[in-house]
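Letter by letter, the chains look like this.
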Amino acid sequence: MANQAASKAIQFAYNGTIASTLRKFAWTNLWGGREYGLQFHDTYFEPAPEVTEALRRLNLKEPHVFDQRKIRLSRAHTLALHGEKLPKAEWTKWNQESWYLKPYLDEIEAEKKARAESSGLIPPYEMKQH
């Protein structure tokens, strides 16, 4: 239930009726991750420095959400390898979507913008790691 309350508190750049309707339509009809029980942010590309940093912060602040993500990804990979999908009753529903990385991604973008305006230095998580 806490995730449902969190998903209602998320603010997108465009939150009008049309944008919300299009977002729900695309999520429901065009995105296939729900057939594997995934949430939308489960499919974010991890090598992107912002996503890696957001996941690091998520693991520090909400390790249970991070662990749930890993479980969903593991189950989805297993299903995909076997060429299977979840029964329709177990697909992720719109009201279960929590957009759990959005607060962290917004925080990182705000930090990047503030850093660019003040010093212009590159944040450590964006530096090449060898």
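Residues numbered from 1 in each chain as written. Predicted model: local features only at pLDDT ≥ 70, side-chain atom pairs only at ≥ 80, totals over all residues. Heavy atoms only, no water.

By the naming in an unreviewed UniProt entry, the protein chain is Cytochrome b-c1 complex subunit 7, taken from Caenorhabditis tropicalis. The UniProt entry for the protein chain carries the following text under Sequence similarities (unreviewed entry): "Belongs to the UQCRB/QCR7 family." We quote the UniProt Subcellular location (unreviewed entry) comment for the protein chain here in full: "Mitochondrion inner membrane". (UniProt positions renumbered as here; feature names shortened; annotations may be inferred.)

Caption draft 1: Inspection of the overall build of the protein chain at higher detail. Of regular secondary structure, the protein chain possesses five helices and zero strands. Sequence-ordered secondary structure for the protein chain, helices as α and strands as β, is α-α-α-α-α. Counting over 130 residues, the protein chain shows a buried share of 32%. Restricting the contact set of the protein chain to residue pairs at least 6 apart, pairs at least 24 apart contribute 77%. Total accessible area on the protein chain stands at roughly 8700 Å², and carbon and sulfur atoms take up 60% of it. (Helix = DSSP H or I, 4+ residues; strand = E, 2+ residues; numbered from the N terminus. Buried < 20%, exposed > 50% of the residue type's maximum accessible area, 1.4 Å probe, protein only. Contact = heavy atoms within 4.5 Å. Areas by Shrake-Rupley, 256 points an atom, 1.4 Å probe, with all protein chains shown as cover.)

Caption draft 2: Here's a closer look at the environment of T52. Tracing the backbone shows T52 in helix α3 (residues 49-61). Under the relative-accessibility criterion, T52 is labelled partly exposed at 40%. Sequence-wise, T52 and L105 are 53 residues apart; in three dimensions their C-alpha atoms are separated by 9.9 Å. Not counting chain neighbours up to four residues away, the residues in contact with T52 comprise E46 and P47.

Caption draft 3: Examining the packing of aromatic side chains more closely. Taken as a whole and assessed by the stated rule, the structure comprises four aromatic pairs. Pairing F40 with Y44 gives two aromatic rings, centres 5.8 Å apart and planes at 80 degrees, and the pair type is edge-to-face. Classification of F40 by relative accessible area gives partly exposed; the value is 28%. Taking relative accessible area as the criterion, Y44 reaches 28% and is therefore assigned partly exposed. Ring centres of F40 and W99 lie 5.5 Å apart, and the angle between their planes is 55 degrees; on these two criteria the pair is classed as tilted. With a gap of 59 residues between them, F40 in the loop between α2 (17-29) and α3 and W99 in the loop between α4 (63-81) and α5 (102-118) connect regions that are remote in the sequence. Its relative accessible area of 8% is what places W99 among the buried residues. The rings of W31, F40, Y44, W94 and W99 are connected pair by pair, giving a single aromatic cluster. (Phe/Tyr/Trp six-rings, centres within 6.5 Å; stacked < 30°, edge-to-face > 60°.)

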